[in-house]
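Structural description and commentary
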Number of protein chains: 2
Amino acid sequence: MTKPKQEPLIDLCRQRGLRITGQRRVILQVLDAADDHPNVEELHRRVGQREPGVNIATVYRTMNKLAELGLIERHMFGDGRLRYEPAPDEHHDHLINVETGEVIEFRSDEIERLQEEIAQKYGFEIVSHKLELYVKPRKTR
Amino acid sequence: MTKPKQEPLIDLCRQRGLRITGQRRVILQVLDAADDHPNVEELHRRVGQREPGVNIATVYRTMNKLAELGLIERHMFGDGRLRYEPAPDEHHDHLINVETGEVIEFRSDEIERLQEEIAQKYGFEIVSHKLELYVKPRKTR
DNA sequence: GTCAGTGCAAAGAATTTGCAATTAG
DNA sequence: CTAATTGCAAATTCTTTGCACTGAC
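These lines cover the structure that appears in this document, whether it is placed above or below. (Residues numbered from 1 in each chain as written. Chains lettered and ligands numbered in written order. Predicted model: local features only at pLDDT ≥ 70, side-chain atom pairs only at ≥ 80, totals over all residues. Heavy atoms only, no water.)

1. Comments concerning the relation of the copies chain B and chain A
- The two copies are related by a screw motion: chain B maps onto chain A through a turn of 179 degrees and a shift of 0.1 Å along the axis, at an RMSD of 0.1 Å. The superposition operator between the copies reduces to a two-fold rotation axis. Looking at the rotation axis and the C-alpha trace of chain B, the residue lying nearest is B:L131, at 2.2 Å.
- An overlap of 100% is found between the interface residues of chain B and their copies at the interface of chain A, pointing to a shared contact surface. (Least-squares fit on C-alpha atoms with pLDDT ≥ 70 in both. Contact = heavy atoms within 4.5 Å.)

As structure tokens, then:
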């Protein structure tokens, strides 16, 4: 959805000096191909389709490493499991359909601005933020 | 902070037909007295000060029951543990100081309105939402 | 060659659950 | 009386870790 073409993760990893192993290559491909917000179990499943035998601990470790480097973003939506998405060029927020679990990305410059204002009012600066709208389809009568 | 006097939880529980046991009474007192967002371990600690011997499983079960009934709200801030606050009369959002862990409540009608607008634009209605600003003290100068 | 990365199984951390005993209503 | 609640320990679920081995650079 909000997914402009950008440099593949594998190149970013090389730049940062990570070793490109077979397992890692597949994990990065899966991440690049994802346009949703999979959790580790789902990632592991997708990796397994391309290359069986990759241990889930490796997926966990890779995600942690990528998150440390800021190459992916971690989320915790309603279900209590970590989910990931390749770091977007521009920040966006999430709208979660509670009936289907579907996640839609959106962005509101106006809300971004108001957030800054609020933080400032309290004497802080924003490190990061998270706005999640849990929604259901509108009954159009 | 944003904590207008309201009906004690114990009365709300009676109205909903929950049995008031000794353990539950203490837990509810602790919740009523809290003006922060404690996790279960912290609640259990506070309960233990008033009445030793209450099992932490009881605290978990009670919090789940209260949340089901909408008498308290669950949050998951940065640290991956569930936290609770008595359900406020009016919705508010949170500003979390990442350096101290302190949580400040705030409300912006304008942001609320923009959220509605966005949900509507996508054809949804909001079930609930969560806005969290992770902040740090502003370096003045 | 060296050290980051991996698999595996075991450990952790947070939360839930089965069950027998207790107790509020 | 009896169905809800509790304590306790065991089970679940998700994630991390120790360690010996492998392989990228």
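Still more to cover.
2. Re the packing of helix 1 (residues 9–16) of chain A against helix 2 (residues 22–33) of chain A
Residue and element names in this part refer to chain A.
- Following both chains from N to C, one finds helix 1 and helix 2 inclined at 130 degrees, their axes separated by 9 Å at the closest point. The angle between the axes of helix 1 and helix 2 places the two elements in the oblique class. Residues L9, I10, C13 and R14 of helix 1 form the contact with helix 2, whose own contacting residues are R25, L28, L31 and D32.
- Its residues placed into classes, the contact of helix 1 with helix 2 shows 5 nonpolar, no polar and 3 charged. (Axes fitted to C-alpha atoms, helices over the stretch in contact; angles between N-to-C directions. Helix = DSSP H or I, 4+ residues; strand = E, 2+ residues; numbered from the N terminus. Parallel < 35°, antiparallel > 145°, perpendicular 65-115°, else oblique. Nonpolar A, V, L, I, M, F, W, Y, C, P; charged D, E, K, R; others polar.)

3. Re the interface of chain B and chain A
- Listed as interface residues are 33 residues of chain B and, on the opposing side, 33 residues of chain A.
- Between chain B and chain A, a total of about 3,200 Å² is buried, with carbon and sulfur atoms accounting for 69% of that surface.
- When the buried surface of chain B facing chain A is broken down by residue, B:F124, B:K130 and B:R138 rank first, second and third, together holding 20% of it.
- The interface formed by chain B and chain A includes 2 salt bridges.
- Note that A:E132 and B:K130 form a salt bridge whose closest N and O atoms lie 3.9 Å from each other.
- Inspection of the chain B/chain A interface yields 12 residue pairs in polar contact (both at pLDDT 80 or more).
- At the level of secondary structure, the elements contributing two or more residues to the side of chain B that touches chain A comprise strand 3 (93–97), strand 4 (103–106), helix 5 (109–121) and strand 5 (124–137) of chain B.
- Of all the elements, strand 5 of chain B adds the most residues to the side of chain B that touches chain A, at 14 residues. (Buried area = accessible area lost by both parts, 1.4 Å probe. Salt bridge = Lys/Arg side-chain N within 4 Å of Asp/Glu carboxyl O. Polar contact = N/O pair within 3.5 Å; in protein donor to acceptor, adjacent residues only side chain to side chain.)

4. Some points on the pairing of strand 5 (residues 124–137) of chain A
- Examined bridge by bridge, strand 3 (residues 93–97) of chain A and strand 5 of chain A share 4 bridges and lie parallel to one another. Within the sheet, the bridge partner assigned to A:L95 lies in strand 5 of chain A and is A:L133. (Pairing = 2+ DSSP bridges.)

5. Let's talk about helix 2 (residues 22–33) of chain B
- Under the 1.5 Å per step criterion, the end-to-end length of helix 2 of chain B is 17 Å for 12 residues, consistent within 8% with the ideal 16 Å.
- When helix 2 of chain B is considered as a whole, its buried residues turn out to be B:R24, B:V26, B:I27, B:L28, B:V30 and B:L31. (Expected span 1.5 Å × (residues − 1). Buried < 20%, exposed > 50% of the residue type's maximum accessible area, 1.4 Å probe, protein only.)

6. Digging into the pattern of salt bridges
Residue and element names in this part refer to chain A.
- Per the stated rule, a full pass over the model turns up 19 salt bridges over all chains.
- Across the pair E117 and R113 runs a salt bridge whose closest N-O atoms are separated by 3.0 Å. One end of the pair, E117, and the other, R113, are both in helix 5 (residues 109–121), 4 residues apart, so they sit about a helical turn from each other.
- With a relative accessible area of 46%, E117 lands in the partly exposed category.
- Exposure remark for R113: the relative accessible area of 42% places this residue in the partly exposed category.
- The structure contains a network of salt bridges with shared partners spanning D36, E42, R45 and R46.

7. Details of the layout of surface pockets
- Considered as a void within the structure, the largest pocket measures approximately 730 Å³ in volume.
- Residue lining of the largest pocket: 26 residues in total, with A:G78, A:Y134, B:R74, B:S128 and B:K130 positioned closest to the centre.
- Only strand 3 of chain A together with strand 1 (72–76) and strand 5 of chain B provide two or more residues apiece to the lining of the largest pocket.
- When grouped by side-chain class, the residues that make up the lining of the largest pocket number 10 nonpolar, 10 polar and 6 charged.
- The computed volume of the second largest pocket comes to approximately 610 Å³.
- For the lining of the second largest pocket, the element with the most residues is strand 5 of chain A, which contributes 7 residues.
- The class makeup of the residues in the lining of the second largest pocket is 11 nonpolar, 8 polar and 5 charged. (1 Å grid on protein atoms, 1.4 Å probe; cavity = no way out; pocket = protein on both sides within 12 Å on 5 of 7 lines; lining within 4 Å. Points joined across faces, edges and corners; volume = space filled by probe spheres on them.)

8. Description of the nonpolar core
- Of all hydrophobic cores here, the largest spans 24 residues; its most connected members are A:L95, A:L133, A:V135, B:L95, B:L133 and B:V135.
- Taken together, the elements giving at least two residues each to this core come down to strand 4 (103–106), helix 5 and strand 5 of chain A together with strand 4, helix 5 and strand 5 of chain B.
- B:L95 has contacts with A:I118, A:A119, A:Y122, A:F124, B:E102, B:V103, B:I104, B:F106, B:L133 and B:V135, leaving out every residue within four places of it along the chain. (Core = buried A, V, L, I, M, F, W, Y, C linked by side-chain atoms within 4.5 Å.)

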